[in-house]
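As a plain string of letters, each chain reads:
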Amino acid sequence: MSRYNLRPYVSVYKDPGSVDINTIQRQKFQQAFNADDAIAGAVDQMQAADFEGDQALKMQLEQETRQQLQDRSSRGDYETMMMDVSKSAREFDKNYQPIKQNAEMYQAYQKRVKDAYDKGDINALTYNKAIAKSNFGYSGLQRNEDGSIDDGSFFNGYNFVKDVDLQALMSEAMDDFAAKEGGQIVQTVGQGPDAMYTIKVGNSYKTVTADQVNTVFNEVMSRPDVAASVAQQTDLTTFDITDEQIRQRLTASLYGDENDPDSNGLVGLRDKAIADGNDELAAQIDEKIQKETKLLSGAGLESEAEQIQARQKYLKDETLSGIIGQQQQTAITKFAYENIFTEYIQDYDQKYLVGLKSALDKYVPAVSFDTGVTELQNPGGVSFKDVNNYIETYQGAELLVSNEATKYARQQGLIGEDVIISAEDIMNGRVPEQMQGVLKSYQNKIEDARANIYLQEQRLQEAYEVTGYVQGVENVKKNTYGDVTGQEFISNARDILNMPNATDEQVAARIADLGNYSKEMQGGRGTSAALEAKIGDVRLAQQQINQLGGNLVAKFTSDMNPSLDKVNDHLEKNSKILVAGTTSTNFPGETDAVAQTNTKAVKSTFEKRPLNPNFRIFYGGLKQDGTGSVASLIEDYDLPADTQLKVTQVTFDKQPYLGEPTVSMQLDAVDPKTGENIIVKVPTSNFEASGMGQYFNDPMYKMAMTYGRAAVAGLDDANVGFYNSNGQYAGHLQYNFNDGGDVVSVGLYDANKGLINTMTPNDPELEQIIRLSNERGQSFRLMTN
């Protein structure tokens with residue numbers, strides 16, 4: 001279809017009776033008209049990069065070309081305008097080429113950045129910031145004074161380099177690094193009550209110092225590709241920080257954060273160092289204070305431009321030092337170590353060896369092996385609604401414990417009818433002396449409820465941060481309503497709604513209330529008594545909605561509670577975690593004798609016998625969330641309904657990765673899909689065995705149970721606090737996890753929450769700290785605040 005409506009063709013020639021001439025003119029008309037129509041189509045399909053200059057040129061070219069098209073259309077004598085149409089086409093093509101070229105250059109750069117990220121050549125920071133930096137300060141194509149396009153105004157993207165994994169390079173460099181070794185062994189001879197003995201005692205050590213790691217680190221940093229990568233991270237981190245923001249940072253650095261009463265800045269740190277008599281530290285801090293003060297005042301710099309440039313250089317230098325310092329500290333933590341091996345060898349004579357041989361003959365060695373991978377479903381569910389319901393359930397659980405304790409105390413005549421024992425009273429041990437016997441049970445229930453709430457709140461917080469989800473007043477203030485900002489809309493509403501002393505949150509809640517009322521009215525339910533009770537006077541509410549603007553109120557209400565689709569997608573995607581552990585042929589115990597006794601008792605009870613149909617079990621690499629049973633296993637594996645499952649081997653799981661102690665039972669039934677014997681996980685809560693409680697109450701196992709809940713929930717770390725009998729905080733351990741939920745490092749913090757030391761998961765000092773805390777009567781639990 002043609003883009004223009006033309007008047008009926010009328011020849012301009014005097015001899016319309018001439019067939020040949022008339023035919024030729026009609027052909028010219030059609031050719032010119034088709035060419036003009038093609039120009040109109042090209043205008044419709046013009047593409048331009050989303051830059052101010054490009055869009056302005058596109059709009060100008062579109063207006064000029066359309067005007068030419070309109071002029072020719074209104075005249076209609078196309079048989080005489082072929083040259084004019086051709087000229088328009090050439091001019092359009094000439095003027096459109098730079099716009100088109102710049103758009104293609106921008107699209108090509110975007111593809112180049114994405115391809116580099118997909119290949120792993122650049123990290124997430126470079127991927128997210130490279131295009132932003134390319135666009136920073138760039139306004140698109142510009143014209144010279146003569147009207148031609150300035151060649152220097154074409155898009156030229158940030159020329160990024162390949163990012164390097166500095167810690168991977170450090171691992172390579174440290175592979176062949178020779179640790180320092182030494183030590184000595186001393187032998188002594190003595191007389192024991194039963195036999196002669198000799199003792200060899202001493203130690204050996206193997207160490208890599210922080211200075212040695214620093215030497216290797218500096219060598220790696222001197223590589224050109226590493227230096228370029230670090231410089232790139234600095235550049236992309238700082239390019240869009242304004243001078244005003246730099247000045248604010250300098251002020252906060254010097255004098256502290258005005259919103260944090262405990263933040264005193266460098267000036268406060270220097271004064272404290274002087275008061276402590278640490279003159280060397282005070283001098284170092286004062287040197288930094290003088291430097292930052294000069295940057296703020298611009299002392300020694302003549303122009304404002306020089307001051308801004310000096311502050312920008314300072315920001316980059318500080319950022320670069322921070323990036324290098326963080327990587328350096330990570331390298332030291334990872335590669336510096338001091339391993340001390342203590343050797344103690346005691347040799348006895350034949351009399352003792354006879355008794356020892358008798359004990360060894362009865363000893364059964366333990367064999368440990370991998371249990372495989374188990375998939376756990378997060379108990380909080382897969383959506384915002386699921387998680388909120390879960391949190392509300394455990395908030396109710398805490399209240400129930402308080403009510404239960406209060407009711408018990410009243411029935412025993414320990415408190416008056418007007419006294420309530422709160423959850424905090426229970427956690428801090430503020431209960432009648434006669435309740436001390438049941439106090440721990442109440443505390444355990446509250447600890448469990450708070451831990452479950454905390455873990456799910458952390459999931460929601462992570463989902464908000466990853467998806468950028470914001471709701472409430474914070475979100476509406478980011479939006480506009482008509483011609484005003486969210487803050488202005490709230491201020492206007494405060495006057496219209498006659499709420500002069502109300503906070504922004506209160507005004508926003510009232511607007512949302514009106515919006516919800518409006519929805520109910522539109523739903524056809526009318527001015528019911530319930531609505532009147534909820535909103536107040538219906539006519540007044542409707543009048544207020546009209547004054548604020550019905551559509552604006554609806555948009556405001558929607559912005560107060562935006563869509564949770566992205567949050568739900570993130571929660572569902574990250575609702576499962578794969579965990580693994582080891583299982584042992586012997587039951588773990590404090591001594592070999594206890595381990596052997598428990599092992600034989602459990603094995604003789606279950607091996608070569610049918611699997612108890614009443615047991616709650618897990619199987620198939622999944623945690624069945626309490627619904628797994630012998631019947632469901634037979635159904636899920638498509639086994640004959642009359643199959644009797646017999647246990648062929650029992651092993652003892654060494655990690656409580658399912659959230660509770662378990663044993664593994666191998667069955668004589670075979671998985672039809674794999675051809676391998678089916679193995680089920682059986683929580684030990686299904687049965688009792690003498691001595692088992694002693695092991696599962698061991699502080700090391702209980703600690704693994706505590707931080708394991710956070711690992712299974714998918715958190716990056718878990719803080720496990722030590723608390724005295726009165727609930728007073730006495731320090732904590734921070735367990736840091738990798739993507740698979742394994743502990744990679746443990747930080748020890750004092751009662752002031754200051755970092756004392758960072759240890760490996762298998763550091764003997766870590767076990768000593770946990771056992772000593774247990775001996776002192778301290779309890780530990782997941783910190784939820």
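Residues numbered from 1 in each chain as written. Predicted model: local features only at pLDDT ≥ 70, side-chain atom pairs only at ≥ 80, totals over all residues. Heavy atoms only, no water.

## Concerning the overall build of the protein
Scanning the protein from N- to C-terminus turns up 27 helices and 15 strands. A total of 785 residues make up the protein; the buried ones form 38% of that total. Counting only carbon and sulfur atoms, one obtains 49% of the accessible surface of the protein, whose full area is about 45400 Å². (Helix = DSSP H or I, 4+ residues; strand = E, 2+ residues; numbered from the N terminus. Buried < 20%, exposed > 50% of the residue type's maximum accessible area, 1.4 Å probe, protein only. Areas by Shrake-Rupley, 256 points an atom, 1.4 Å probe, with all protein chains shown as cover.)

## With respect to the sheet that holds strand β13 (residues 743–749)
Across the sheet, which stays open at both edges, the five strands sit in the order β14-β13-β12-β11-β15 with antiparallel pairing between neighbours. Either end of the sheet is taken by a strand with one partner, and the two such strands are β14 (755–759) and β15 (779–782). The average undirected angle you get between the axes of adjacent strands in this sheet is 20°. Bridge analysis of strand β11 (residues 717–723) against β15 gives four bridges, and the strand direction is antiparallel. Its bridge partner being in β15, Tyr723 is matched across the sheet by Ser779. (Pairing = 2+ DSSP bridges. Axes fitted to C-alpha atoms, helices over the stretch in contact; angles between N-to-C directions.)

## Quick word on a negative patch on the surface
A surface patch of like charges, here negative, comprises Asp257, Glu258, Asp260 and Asp262. Along the chain, Glu258 falls in the loop between α8 (243–255) and α9 (265–275). On the accessibility criterion, Glu258 (76% relative accessible area) is exposed. (Patch = residues over 30% accessible without salt bridge, like charges linked within 9 Å, V, L, I, M, F, W, Y side chains within 5 Å. Salt bridge = Lys/Arg side-chain N within 4 Å of Asp/Glu carboxyl O. Lys, Arg positive; Asp, Glu negative; His and termini not counted. Charge placed at Lys NZ, Arg CZ, Asp CG, Glu CD.)

## Looking at the pairing of strand β8 (residues 647–653)
In terms of residue burial, β8 counts as a mostly covered element, since five of its seven residues are buried. Direction of pairing for β8 relative to strand β9 (residues 662–670): antiparallel, over a ladder of five bridges. Of the residues in β9, the one forming a bridge with Phe652 is Val663.

## Examining the packing of aromatic side chains
A full pass over the atoms with the stated rule returns 19 aromatic pairs. Three or more aromatic residues joined by ring pairs make a cluster, and in this case those are Phe51, Tyr106, Tyr109, Tyr138, Phe155 and Phe160. The ring of Tyr729 has Lys753 sitting right over it, with the charged end atom 5.5 Å from the ring centre. Here the basic side chain of Arg781 rests over the ring of Tyr723, its NZ or CZ set 3.7 Å away from the ring centre. (Phe/Tyr/Trp six-rings, centres within 6.5 Å; stacked < 30°, edge-to-face > 60°. Lys NZ or Arg CZ within 6 Å of the ring centre and 35° of its normal.)

## Here's the deal with helix α7 (residues 224–238)
Between its first and last C-alpha, α7 extends 21 Å over 15 residues, near the 21 Å set by a 1.5 Å rise per residue. Taken as a whole, α7 has its buried residues at Val226, Ser229, Val230, Gln232, Gln233, Thr234, Asp235, Leu236 and Thr238. The inward-facing, buried residues of α7 abut α4 (124–135), α5 (166–174), α6 (210–221) and α11 (304–335). (Expected span 1.5 Å × (residues − 1). Contact = heavy atoms within 4.5 Å.)

## Describing the packing of α8 against α11
Across the interface, α8 lies against α11 with an axial gap of 10 Å and an inter-helix angle of 60°. One way to sum up the angle between α8 and α11 is to call them oblique. As α8 runs across α11, the sense of the crossing is left-handed. Counted together, Asp243, Ile246, Arg247, Arg249 and Leu250 of α8 and Glu304, Ile308, Arg311, Gln312, Tyr314 and Leu315 of α11 form the full contact between these two elements. (Parallel < 35°, antiparallel > 145°, perpendicular 65-115°, else oblique. Left-handed = near helix turned anticlockwise from the far one by under 90°.)

## Things to note about the environment of Lys566
Assignment of secondary structure puts Lys566 in helix α22 (residues 565–573). Residues Lys566 and Thr467, 99 residues apart in the sequence, show an inter-C-alpha distance of 6.3 Å.

## Concerning the packing of helix α13 (residues 384–411) against helix α15 (residues 436–467)
Here α13 crosses α15 at 160°, and the two axes come no closer than 9 Å. Taken as axis vectors, α13 and α15 run roughly antiparallel relative to one another. Crossing geometry of α13 relative to α15 is assigned as left-handed. A per-class count over the contact of α13 with α15 returns 16 nonpolar, four polar and seven charged. (Nonpolar A, V, L, I, M, F, W, Y, C, P; charged D, E, K, R; others polar.)

## Here we look at the pattern of salt bridges
A full pass over the atoms with the stated rule returns 23 salt bridges. Taking the shortest distance from any N to any O, the salt bridge between Arg450 and Glu424 comes out at 2.5 Å. Taken together, the residues span a long stretch of sequence, with Arg450 in helix α15 and Glu424 in helix α14 (residues 423–427) at a distance of 26 residues. Look at Glu424 and you get partly exposed, because its relative accessible area is 38%. Two residues, Lys477 and Asp504, come together in a salt bridge whose shortest N-O distance is 3.0 Å. Here Lys477 is found in the loop between α16 (472–476) and β5 (480–481), whereas its partner Asp504 is found in helix α18 (residues 504–522), with 27 residues between them in sequence. Overlapping salt bridges bring together Lys119, Asp121 and Lys162 as one network.

## A look at the side chain of His732
In this fold, His732 is placed in strand β12 (residues 729–737). Among the polar contacts made by the side chain of His732, one reaches the side chain of Tyr729 at a distance of 2.7 Å. Residues within four places of His732 in sequence aside, it is in contact with Asn719, Val720, Gly721, Phe722, Gly747, Leu748, Tyr749, Lys753 and Met783. (Polar contact = N/O pair within 3.5 Å; in protein donor to acceptor, adjacent residues only side chain to side chain.)

## Remarks on unusual backbone geometry
Phi is positive for Lys608, close to 65°, though the residue is something other than glycine. As for its placement among the helices and strands, Lys608 is situated in the loop between α23 (592–606) and α24 (630–636). Look at Asp638: it is not a glycine, yet its phi comes out positive at around 55°. Inspection of the secondary structure assignment puts Asp638 in the loop between α24 and β8. Take Asp638: its relative accessible area is 66%, and that puts it in the exposed class.

## Focus on α22
Those residues of α22 not exposed but buried are Val567, His570 and Leu571. The buried residues of α22 all sit within an arc of 100° when viewed along its axis, so they share a single face. Across from the buried face of α22, at angles greater than 90 degrees, the exposed residues are Asp565, Lys566, Asp569 and Lys573. (Arc of directions from axis to C-beta.)

## What about the environment of Val164?
Within the fold, Val164 resides in the loop between α4 and α5. For Val164, a relative accessible area of 25% gives the class partly exposed. A sequence separation of 41 residues divides Val164 from Asn123, and the C-alpha atoms of the two residues are 8.5 Å apart. Those residues within four positions of Val164 in sequence are excluded, and the remaining contacts are Leu169, Asp225, Val226 and Ser229.

## Brief notes about the environment of Tyr469
Tracing the chain through its elements places Tyr469 in the loop between α15 and α16. Sequence separation of Tyr469 and Asp565 is 96 residues, and the distance between their C-alpha atoms is 9.9 Å. Among residues more than four places away in sequence, those in contact with Tyr469 are Tyr464, Asn561, Pro562, Ser563, Leu564 and Val567. At 3.3 Å, the side chain of Tyr469 forms a polar contact with the side chain of Gln471.

## Remarks on the pairing of β14
For a regular strand, side chains alternate in direction, first toward one face of the sheet and then toward the other. When β13 meets β14, the two strands line up antiparallel, connected through four bridges. Across the sheet, residue Val746 finds its bridge partner in β14, namely Met759.

## Quick notes on the confidence of the model for the protein
Here the protein averages 77 in pLDDT, and 78% of its residues register 70 or above. When the criterion is pLDDT under 50, residues 190–197 qualifies, and its contacts beyond four places in sequence or with other chains add up to 15 contacts. (pLDDT = per-residue confidence, 0-100.)

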